[in-house]
Amino acid sequence: MNSGHQHRVFGRRAQEHILILASGDKVRHMTVRPWMAALAFCFVGVFSIGYLLATSYLVLRDDLIGATMARQARMQHDYEDRIAALRAQVDRITSRQLLDQQVVEDKVDKLMAQQMALTSRHGKLDNLLDRAVSSGLTEKDGAPTPSSPVQSYAPDVKDKRASLSGSGIEAIEKQLASGAPADATPDNSTLAYVPATDTVGDRADRIFSKVTLSLKDVEQDQRGRVEQLTSDAGNAANAIETVLTRFKIPMPETAARKDDDDAVGGPYVEPESNDGFNNSLAALDGALTRLEAVRSTAESLPFRNPAIGKDVTSPFGNRRDPFLGRLALHSGIDFRFSPGERIRPTAPGKVISAGWTGGYGNMVEIDHGNGISTRYGHMSEVLVKVGDTVDRDDVIGLAGSTGRSTGTHLHYEVRQDGHAVDPVYFMNAGLKLATYIK
């Protein structure tokens, strides 16, 4: 009853498995528990899996080793390709740097050649500028002479030279030295394409282009100013020649002397570069040479007033003679002077007469060339002798009243080819030439 009741409440009880082992007279039995069966099953499963894995490894070992070696080979090839690419990139950078360096060196050589040419031009231009200053076309600072009628001005040679003597190269070096390297790569660990920045050659091209344009602007400006100065020198020479022609003074034949093939020679040498700037300098040189020649001729003639600020007591021409009371030709101009006042010539020349000369009293006559001479009469004392060479600032005598004179004065006379001419003509011409001659 109890047993039946238990079966109804708890279900049917599982029967235990008993393992009996008999060996001779000995009999052994062992009850097999469920956990022992599970443990044995697990052991058999693990052993089977290990066996299968060992068998698979033995079968697939060659394939695994081959795959590993292939993977290592691929990695090696990748590294070799990477190293080759890096090496090629380094070679390209090195080649580009060498090329840029060569380009910069060529540009610097060209710039140095331009600088040498400018230096040579400045030397010639300085000489011409000094001649222009001495000719009265411009002042020392390069500005036109205030009293000069020609509106010329000399090139500002000093400022241009200062801006070209080395400063261009220094600016280029400063520009090239600034900024990051042109071919810098960010990281060698990557082979990604890096867009090339401006190279040294590119920056050098831009900088040298700017310098070249600046030099051309300077040269063009100087050429324009040189041409203007050439024109002014020609105009001044023409103005002086017009006055000299009026007095029938022969013009100096400077061009004829330059083109004369008599008594010349020497080995043949190739001419210098025939560029426009040198041609303009040659034209300026010719204009200044012509101006200097006619200016020198004008300065040697008596175009100045011998008694500035003095009263004229008797002009040139017919007048009543103060001693005879009848009409007579007065061959000069009388200027009122104080006794003993210094007398200076109106132009440089050579003394051809000095001493007592009849009605002139103590008289000095000076030959100025081109058939023109001047006389200074009635002096109280003569301070030069025949053969002396005098300048405008030299004192040739002291004012007095010797000879046919009624009072202290200076008798000034101009003679051309031995004939007396009115000195007023020369003095009026001197007023027109005052801006061209000293």
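Everything numeric in this text was worked out from a predicted model, so none of it was measured.

**What about the overall build of the chain?**
On a plain count of helices and strands, the chain comes out with eight helices and 14 strands. By the burial criterion, 33% of the 438 residues in the chain qualify as buried. Expressed as a percentage of contacts within the chain between residues at least 6 apart in sequence, the contacts between residues at least 24 apart total 68%. With the model as given, the accessible surface of the chain reaches about 27900 Å², and the carbon-plus-sulfur share is 56%.

**A closer look at the nonpolar core**
If you look at the biggest cluster of nonpolar residues, it comprises 48 residues, and the most contacted ones within it are Leu137, Ile240, Leu291, Phe303, Ile343, Ile396 and Leu433. Not counting chain neighbours up to four residues away, the residues in contact with leucine 291 comprise Ser135, Leu137, Ala233, Ala236, Ala237 and Ile240. Counting eight residues, the second-largest nonpolar core is a separate cluster that includes Val104, Ala204, Phe208 and Leu215.

**Things to note about the pattern of salt bridges**
Under the defined criterion, the tally for this structure stands at nine salt bridges. Arginine 404 is the partner of aspartate 321 in a salt bridge, and the nearest nitrogen-oxygen pair spans 3.0 Å. Within this pair, whereas aspartate 321 is found in the loop between β4 (317-320) and β5 (327-330), its partner arginine 404 is found in the loop between β12 (397-399) and β13 (409-416), the two being separated by 83 residues in sequence. On the basis of relative accessible area, aspartate 321 is assigned to the buried category, the value being 8%. In this structure arginine 404 comes out as partly exposed when scored by relative accessible area, which is 41%. Connected through salt bridges with shared partners, the residues Glu365, Arg375, Glu413 and Arg415 form a single ionic network.

**A short note on unusual backbone geometry**
Non-glycine residue asparagine 370 carries a positive phi angle of around 60 degrees. Looking at the secondary structure, you find asparagine 370 in the loop between β9 (362-367) and β10 (372-382). Despite not being glycine, aspartate 417 has its phi angle at roughly 55 degrees, a positive value.

**Brief notes about the confidence of the model for the chain**
When pLDDT is averaged along the chain, the result is 78; 78% of the residues meet or exceed 70. Across residues 146-169, where pLDDT falls below 50, the model places 54 contacts with residues more than four positions away in sequence or in other chains. Contacts of residues 179-194 to residues separated by more than four positions or lying in other chains number 21 contacts, the stretch itself having pLDDT below 50.

**Quick word on the side chain of threonine 346**
Mapped onto the secondary structure, threonine 346 falls in the loop between β7 (342-343) and β8 (349-356). In this structure the side chain of threonine 346 is engaged in a polar contact, spanning 3.0 Å, whose partner is the side chain of tyrosine 412. Excluding residues that lie within four positions of it along the chain, threonine 346 makes contacts with Leu301, Pro302, Arg304, Asn305, Pro306, Thr374, Tyr376, Arg392 and Tyr412.

**Brief notes about the environment of glutamate 381**
With respect to the helices and strands, glutamate 381 occurs in strand β10. Counting along the chain gives 15 residues from glutamate 381 to isoleucine 396, while the straight-line C-alpha distance between them is 8.8 Å. If near-sequence neighbours (up to four positions away) are discounted, glutamate 381 is found in contact with Asn362, Ile396, Gly397 and Leu398.

**Details of the packing of helix α2 (residues 34-134) against helix α7 (residues 276-299)**
It is the contact of α2 with α7, at a shortest axis distance of 10 Å, that shows an interaxial angle of 25 degrees. Between α2 and α7, the angle falls in the class roughly parallel. In this structure, α2 crosses over α7, and the sense of that crossing is left-handed. The residues of α7 that touch α2, namely those facing Arg121, Lys124, Leu125, Leu128, Arg131, Ala132 and Ser134, are Phe277, Asn278, Leu281, Leu284, Asp285, Leu288, Thr289, Glu292 and Arg295. Among the residues forming the contact of α2 with α7, the class breakdown is seven nonpolar, three polar and six charged.

**Remarks on a nonpolar patch on the surface**
Taken together, the side chains of Tyr57, Leu58, Val59, Leu60 and Leu64 define a hydrophobic patch exposed on the protein surface, amounting to about 540 Å² of accessible area. The residue leucine 58 is located in helix α2 in this model.

**Description of α2**
The sharpest bend along α2 measures roughly 60 degrees and falls at leucine 60. Within two residues after α2, glycine 136 carries a phi angle of roughly 85 degrees, on the positive side.

**Remarks on the packing of aromatic side chains**
Taken as a whole and judged by the stated rule, the model has four aromatic pairs. By the ring-pair criterion, three or more aromatic residues cluster together here, those being Phe247, Phe303 and Phe426. Just above the ring of phenylalanine 337 sits the side chain of lysine 310; from NZ or CZ to the centre is 5.1 Å.

**Some remarks on the pairing of β5**
The sheet contact formed by β4 and β5 spans four bridges and is antiparallel. Looking at β5, one finds that arginine 320 is bridged to leucine 327. Here β4 folds back onto β5 in antiparallel fashion, the turn holding six residues, of which glycine 325 has a positive phi close to 75 degrees.

**Considerations on the pairing of β9**
Counting buried residues along β9, five of its six residues qualify, which places the element largely inside the surrounding structure. Both β8 and β9 contribute to a ladder of six bridges, which runs antiparallel. If you follow valine 351 over to β9, its bridge partner there is isoleucine 366. Taken together, β8 and the strand that follows it, β9, pair antiparallel across an intervening segment of five residues, in which glycine 358 is found at a positive phi of about 50 degrees. Two elements, β9 and β10, share five bridges in a ladder whose sense is antiparallel. Counterpart to asparagine 362 in the pairing with β10 is methionine 379. Hairpin geometry of β9 and β10 is characterised by an intervening segment of four residues between the two adjacent antiparallel strands and by a positive phi of about 85 degrees at glycine 369.

Definitions and cut-offs
- Residues numbered from 1 in each chain as written.
- Predicted model: local features only at pLDDT ≥ 70, side-chain atom pairs only at ≥ 80, totals over all residues.
- Heavy atoms only, no water.
- Helix = DSSP H or I, 4+ residues; strand = E, 2+ residues; numbered from the N terminus.
- Buried < 20%, exposed > 50% of the residue type's maximum accessible area, 1.4 Å probe, protein only.
- Contact = heavy atoms within 4.5 Å.
- Areas by Shrake-Rupley, 256 points an atom, 1.4 Å probe, with all protein chains shown as cover.
- Core = buried A, V, L, I, M, F, W, Y, C linked by side-chain atoms within 4.5 Å.
- Salt bridge = Lys/Arg side-chain N within 4 Å of Asp/Glu carboxyl O.
- pLDDT = per-residue confidence, 0-100.
- Polar contact = N/O pair within 3.5 Å; in protein donor to acceptor, adjacent residues only side chain to side chain.
- Axes fitted to C-alpha atoms, helices over the stretch in contact; angles between N-to-C directions.
- Parallel < 35°, antiparallel > 145°, perpendicular 65-115°, else oblique.
- Left-handed = near helix turned anticlockwise from the far one by under 90°.
- Nonpolar A, V, L, I, M, F, W, Y, C, P; charged D, E, K, R; others polar.
- Patch = residues over 30% accessible without salt bridge, like charges linked within 9 Å, V, L, I, M, F, W, Y side chains within 5 Å.
- Bend = angle between axes of the 7 residues up to and from the residue.
- Phe/Tyr/Trp six-rings, centres within 6.5 Å; stacked < 30°, edge-to-face > 60°.
- Lys NZ or Arg CZ within 6 Å of the ring centre and 35° of its normal.
- Pairing = 2+ DSSP bridges.

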